[in-house]
Amino acid sequence: MTGVELRQLRYFVAVAEELNFGRAAERLLIAGPSLSQQIKALERDLGVRLFDRDRRSVSLTPAGAALLPHTRALLERADDLKRQAGRLAGSEPVRLGYVNWLPADLTSRTASVARVHVDAWVAPSHTQVARVADGSLDLAVCWVRTEDLKRLGLRARLIGADRLYAVAKGTDTGDVTAADIDVLIDDDLTSWASWNAYAEELARDSGARALRISDGAITGPAFFDHVRRCTRPVLNSPKGQTTPLPPDLVRREVVAPRVYWTWSLVRRESEARAGVLAAVDALCDGVGELGIHAPDSWLPANDPYALPR
């Protein structure tokens, strides 16, 4: 039982309620193969088979049916513990900073455990990491490197991930290999230090062409103007993931490898306040691996979630 995790129990309940791994994976916002692996790991740790499954159907075994109500009760007690921790944390707000992305359901996920105050100062990842380290923030959603966590005494948990795509001229919307794209690197280190470090490593690893710029074209209208001047597709940054494309430009998926940018929820290693820790769990439990560990995916070697190479 030492290997059993609450998230695995939540996965078990979801599959038991859906009786379909695909629907359960969609509900849990994780990949289907990852869900199947976690259920197998849970069955191994419990020493019983929970589901009978074949290509057409999924059903609870007698052991799974017997354990289901106990599992629901255990999860309810765990949720109650989180609520109690939030109340014990008092009224002191948890200060959270970000770069440009936050979970859409942040408020609903944290309301019962902490009073989260989203900081109005939107700043680059390296700035938000430094603010957590110096105590200006309690938490930050940002991109961070393993070396920064060690240097500043921080911890990180995966909260989200973006699969980056390329933007190009013309009408071809087919896949493009990473070796055939351009990656922009900006001279403005105040704003783009994290992106530049990421982009430089991607260029070294994949063969993408690094282009140094000084016109603020990493994102926004200037980015689209730059794409129009380029002869190759240009990698879109995380800040432009949801920006609508102009009608004369197209989106092209990057393959060989698929390129991912991770979002971490960063806190101080010494953090002991119940409200902060409960907010971290509420936002990160059950996130899954979000495709970043697929065989053809790419992360920087110093990304906290990168697999050993």
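Each chain carries its own residue numbering, running from 1 in the direction its sequence is written. Selection of residues for local features in this predicted model requires a pLDDT of at least 70, selection of side-chain atom pairs for listing and counting requires 80 or more, and totals for whole chains, interfaces and linings are taken over all residues. Side-chain metrics rest on all non-hydrogen atoms present in the structure, leaving aside hydrogens and water.

Caption draft 1: Expanded view of the overall build of the protein chain. Each helix and strand in the protein chain was counted, giving 10 helices and 14 strands. Computation of the radius of gyration draws on C-alpha atoms alone. For the globule rule, the value is 2.2 Å times the number of residues to the power 0.38. Computed over its C-alpha atoms, the radius of gyration of the protein chain comes to 22 Å, within 12% of the 19 Å expected for a compact globule of 309 residues. Across its three principal axes, the protein chain shows a C-alpha extent of roughly 65 × 50 × 35 Å. Counting over 309 residues, the protein chain shows a buried share of 47%. What makes two residues a contact is simply this: any of their non-hydrogen atoms within 4.5 Å. Sequence-distant contacts in the protein chain: of pairs separated by 6 or more residues, those separated by 24 or more amount to 72%. Method for areas: the Shrake-Rupley scheme with a 1.4 Å probe, in which residue coverage is limited to the protein chains shown. Here the protein chain has roughly 15000 Å² of accessible surface; of this, 53% comes from carbon and sulfur atoms. We count Lys and Arg on the positive side and Asp and Glu on the negative side, and we leave His and both chain ends out. Charged groups are reduced to one reference atom each: NZ for lysine, CZ for arginine, CG for aspartic acid, CD for glutamic acid. Between the centroid of the 40 positive side chains of the protein chain and the centroid of its 40 negative side chains there is a distance of 3 Å. Under the scheme used here, helices are H or I runs from DSSP no shorter than 4 residues and strands are E runs no shorter than 2 residues, and both carry numbers assigned from the N terminus. Type-normalised accessible area, obtained with a 1.4 Å probe on protein chains alone, sets the label of each residue: buried when under 20%, exposed when over 50%, and partly exposed for intermediate values.

Caption draft 2: Examining the nonpolar core more closely. The biggest cluster of nonpolar side chains holds 59 residues, and the ones touching the most others in it are Trp 195 and Leu 265. Among the elements that make up this core, the one with the highest residue count is helix H10 (residues 274–284) (7 residues). Look past the residues within four positions of Leu 265 in its chain and what remains in contact with it is Leu 96, Leu 139, Ala 140, Val 141, Arg 155, Ala 156, Arg 157, Ile 159, Val 280, Leu 283 and Cys 284. Within this scheme, the nonpolar core is defined by two criteria: the residues are buried Ala, Val, Leu, Ile, Met, Phe, Trp, Tyr or Cys, and they are joined through side-chain atoms within 4.5 Å. With 21 residues, the next largest nonpolar core counts Val 4, Ala 16, Ala 24 and Ile 30 among its residues.

Caption draft 3: Geometry of helix H1 (residues 6–18). In this analysis, the expected span of each helix is defined as 1.5 Å times one less than the number of residues it contains. Compared with the 18 Å implied by 1.5 Å per residue over 13 residues, the 19 Å span of H1 between its first and last C-alpha is a close match. For H1, every residue scored as buried is listed here: Gln 8, Leu 9, Tyr 11, Phe 12, Val 13, Ala 14, Val 15 and Ala 16. Just downstream of H1, Leu 19 is the residue with a positive phi angle, here 50°.

Caption draft 4: Structural view of the packing of aromatic side chains. Pairing of aromatic rings covers Phe, Tyr and Trp, the last counted by its six-membered ring, and requires centre-to-centre distances within 6.5 Å; plane angles under 30 degrees mean stacked, over 60 mean edge-to-face, and any other angle means tilted. This model, assessed by the stated rule, comprises 11 aromatic pairs. For the pair Trp 261 and Trp 263, a centre-to-centre distance of 5.9 Å together with 70° between the ring planes defines the contact as edge-to-face. The pair Trp 261 / Trp 263 is uniform in exposure class, with both members buried. The rings of Trp 101, Trp 143, Trp 195, Tyr 198, Trp 261, Trp 263 and Trp 298 are connected pair by pair, giving a single aromatic cluster. Above the face of the Trp 192 ring, Lys 239 is positioned so that its terminal group lies 5.3 Å from the ring centre. The ring of Tyr 165 carries the charged tip of Arg 251 above its face, separated from the ring centre by 3.8 Å. A ring is scored as having a charge over it whenever the NZ atom of a lysine or the CZ atom of an arginine sits within 6 Å of its centre and within 35 degrees of its normal.

Caption draft 5: Spotlight on the pattern of salt bridges. Each reported salt bridge corresponds to a side-chain nitrogen of Lys or Arg within 4 Å of a carboxyl oxygen of Asp or Glu. Scanning all chains against the criterion turns up 30 salt bridges. As a salt-bridge pair, Asp 281 and Arg 157 come within 2.7 Å of each other at their nearest N and O atoms. Of this pair, Asp 281 sits in helix H10 while Arg 157 sits in strand E6 (residues 154–163), and the two are 124 residues apart along the sequence. We classify Asp 281 as partly exposed; its relative accessible area is 28%. By relative accessible area, which is 30% here, Arg 157 ends up partly exposed. Residues Arg 157 and Asp 285 are paired through a salt bridge, measuring 2.8 Å at the closest nitrogen-oxygen approach.

Caption draft 6: Molecular detail of the pairing of strand E5 (residues 139–142). Alternating residues of E5 divide into Leu 139 and Val 141 and Ala 140 and Cys 142, and every residue in both groups is buried. Note that strand E3 (residues 94–98) and E5 share 3 bridges and pair parallel. Across the sheet, residue Tyr 98 finds its bridge partner in E5, namely Val 141. What makes two strands pair is DSSP finding at least two bridges between them. Strand direction decides the pairing type here: E5 and strand E13 (residues 258–268), joined by 3 bridges, are antiparallel.

Caption draft 7: Molecular detail of the packing of helix H2 (residues 21–28) against helix H3 (residues 32–46). To obtain an axis, a line is fitted to C-alpha atoms, over the contacting stretch when the element is a helix, and the angle between two such axes runs from 0 to 180 degrees between their N-to-C directions. Contact pair H2 / H3: the axes reach a minimum separation of 9 Å and the direction vectors enclose 100°. For the element pair H2 / H3, the angle class is roughly perpendicular. Touching Phe 21, Ala 24, Ala 25 and Leu 28 of H2 are Gly 32, Leu 35, Ser 36 and Ile 39, all from H3. Residue polarity is assigned by list, with Asp, Glu, Lys and Arg as charged and Ala, Val, Leu, Ile, Met, Phe, Trp, Tyr, Cys and Pro as nonpolar; anything else, Gly included, falls into the polar class. Of the residues that constitute the contact of H2 with H3, the class distribution is 6 nonpolar, 2 polar and no charged. In these notes the angle categories are as follows: under 35 degrees is roughly parallel, over 145 is roughly antiparallel, 65 to 115 is roughly perpendicular, and the rest is oblique.

Caption draft 8: Structural context of helix H9 (residues 221–229). Buried residues of H9: Phe 223, Phe 224, His 226 and Val 227, and no others. Down the axis of H9, the buried set is contained in an arc of 160°. They therefore lie on one face. Opposite the buried face of H9, at more than 90 degrees from it, the exposed residues are Pro 221 and Arg 229. Buried residues in H9 make contact with strand E7 (165–169), strand E9 (182–186), strand E10 (209–213), strand E11 (234–235) and strand E12 (249–255). Arc definition: it is the arc formed by the directions from the helix axis to the C-beta atoms.

Caption draft 9: Fine view of the environment of Gly 135. For Gly 135, the position within the fold is in the loop between helix H6 (125–134) and E5. According to the relative accessible area criterion, Gly 135 is partly exposed, its value standing at 25%. With 133 residues separating them in the primary sequence, Gly 135 and Arg 268 have C-alpha atoms 8.4 Å apart. Discounting residues that sit within four places of it in the chain, Gly 135 has contacts with Arg 95 and Arg 268.

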